[in-house]
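Results of the structural survey
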Amino acid sequence: AVVSTQSTGITVVPDTKVPNAASFTLNKEDHTLGNLIREQLLHEPHVVFAGYKVPHPLVAEVVIRVQTDGEISPQNAFSSALTDLISEVCLLEERYKAALRDKRDLNN
């Protein structure tokens with residue numbers, strides 16, 4: 001069974017040979033996002049394996065493979081990793097803006 005979410009450009013394919021595993025295909029993405037998500041997935045406590053590949057350099061597509069220990073589904077691990085990554089990026093943005101304000105204040 002293939003689950004597709006066209007609005008987000010993510011296709012989920014459960015692995016039929018490996019338990020608690022799935023592949024997530026992200027359309028119109030490359031190594032930048034693939035490596036970020038893979039790294040974040042490796043911080044999830046129930047993730048056993050996370051890897052990504054770009055099947056062809058001329059096709060903007062990243063396939064991220066996730067295997068969990070069975071406590072949570074690969075889909076839940078992927079969703080949790082994305083939520084955590086969004087939080088980290090928001091924190092980085094806030095810190096950047098604060099540092100920029102501080103620098104402007106010093107110059108005035």
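Structural notes, computed from the coordinates. Keep in mind that this is a model prediction, so the values were computed, not measured.

Here we look at the packing of helix H1 (residues 31-42) against helix H2 (residues 74-107)
Running from amino to carboxyl end, H1 crosses H2 at an angle of 110 degrees, the nearest separation of the two axes being 9 Å. One finds that H1 runs roughly perpendicular with respect to H2. Where H1 approaches H2, its residues Leu-36, Ile-37, Gln-40 and Leu-41 are matched on the opposing element by Ala-77, Phe-78, Ala-81, Leu-82, Asp-84, Leu-85 and Glu-88. Looking at the contact of H1 with H2 residue by residue, the classes come out as eight nonpolar, one polar and two charged.

Focus on unusual backbone geometry
For Asn-20, which is not glycine, the phi torsion reads 55 degrees and is therefore positive. Along the chain, Asn-20 falls in the loop between strand E2 (10-14) and strand E3 (21-27). Residue Asn-20 is classed as partly exposed on the basis of its relative accessible area, which comes to 36%.

Looking at the packing of aromatic side chains
One pass over the structure, following the stated rule, counts one aromatic pair. Centroid distance Phe-24 to Phe-78: 4.1 Å. Interplanar angle 5 degrees. Geometry classified as stacked. Highlighted residues: Phe-24 in strand E3 and Phe-78 in helix H2, separated in sequence by 54 residues.

Comments concerning the pattern of salt bridges
Scanning all chains against the criterion turns up three salt bridges. Across the salt bridge formed by Asp-15 and Arg-65, the nearest N and O atoms sit 2.6 Å from each other. Here Arg-65 lies in strand E5 (residues 61-68) and Asp-15 lies in the loop between E2 and E3, a separation of 50 residues in the sequence. Close ionic contact of Glu-93 with Lys-97 constitutes a salt bridge, the shortest N to O distance being 3.3 Å. With a gap of four residues between them, Glu-93 and Lys-97 both fall in helix H2, about one helical turn apart. Of the residues examined, Glu-93 reaches a relative accessible area of 43% and is grouped as partly exposed.

Thoughts on H2
Here H2 spans 49 Å end to end across 34 residues, near enough to the 50 Å set by a 1.5 Å rise per residue. In this fold, the buried residues of H2 make contact with E2, E3, H1, strand E4 (47-53) and E5.

Observations concerning the pairing of E5
Looking down a regular strand, the side chains alternate between one sheet face and the other. The buried fraction of E5 amounts to six of the eight residues, a majority that puts the element mostly inside the structure. Relative to E5, E3 runs antiparallel, the two sharing seven bridges. When the sheet's bridge partners are listed, Ser-23 is paired in E5 with Arg-65. Of the pairings in the sheet, the one linking E4 to E5 comprises six bridges and is antiparallel in character. The residue bridging Ala-50 from the neighbouring strand is Val-66, located in E5.

Things to note about the side chain of Ser-23
On the secondary structure map, Ser-23 appears in strand E3. For Ser-23, a relative accessible area of 18% corresponds to the buried category. Residues within four places of Ser-23 in sequence aside, it is in contact with Thr-11, Val-12, Val-13, Val-63, Ile-64 and Arg-65.

What counts, and at which threshold
Sequence order sets the numbering: in each chain, residues are counted from 1 along the sequence as written. At least 70 in pLDDT is required for a residue's local features to be given in this predicted model, at least 80 for side-chain atom pairs to be given and counted, and no such filter applies to totals for whole chains, interfaces and linings, which use all residues. Values reported for side chains reflect all heavy atoms of the structure, with hydrogen atoms and water molecules removed beforehand. Working convention: axes come from line fits to C-alpha atoms, limited for helices to the stretch in contact. Angles between N-to-C directions cover 0 to 180 degrees. Each helix corresponds to a stretch of at least 4 residues labelled H or I by DSSP, and each strand to a stretch of at least 2 residues labelled E; elements are numbered beginning at the N terminus. Each angle gets one of four labels, with under 35 degrees taken as roughly parallel, over 145 as roughly antiparallel, 65 to 115 as roughly perpendicular, and the rest as oblique. Two residues form a contact once any of their heavy atoms are found within 4.5 Å. Each residue is assigned to one class: nonpolar for Ala, Val, Leu, Ile, Met, Phe, Trp, Tyr, Cys and Pro, charged for Asp, Glu, Lys and Arg, and polar for all the others, Gly among them. Accessibility here uses a 1.4 Å probe with only protein chains present; expressed as a share of the type maximum, an area under 20% marks a residue as buried, one over 50% as exposed, and anything in between as partly exposed. Only rings of Phe, Tyr and Trp enter the pairing, Trp through its six-membered ring, and a pair is recorded when the two centres are within 6.5 Å. The plane angle decides the type: under 30 degrees is stacked, over 60 is edge-to-face, the rest tilted. Whenever a carboxyl oxygen of Asp or Glu lies within 4 Å of a side-chain nitrogen of Lys or Arg, that contact is scored as a salt bridge. To estimate how far a helix should extend, the number of its residues minus one is multiplied by 1.5 Å. Pairing between two strands is assigned when DSSP locates at least 2 bridges connecting them.

Coordinates in, geometry out; function isn't part of it.
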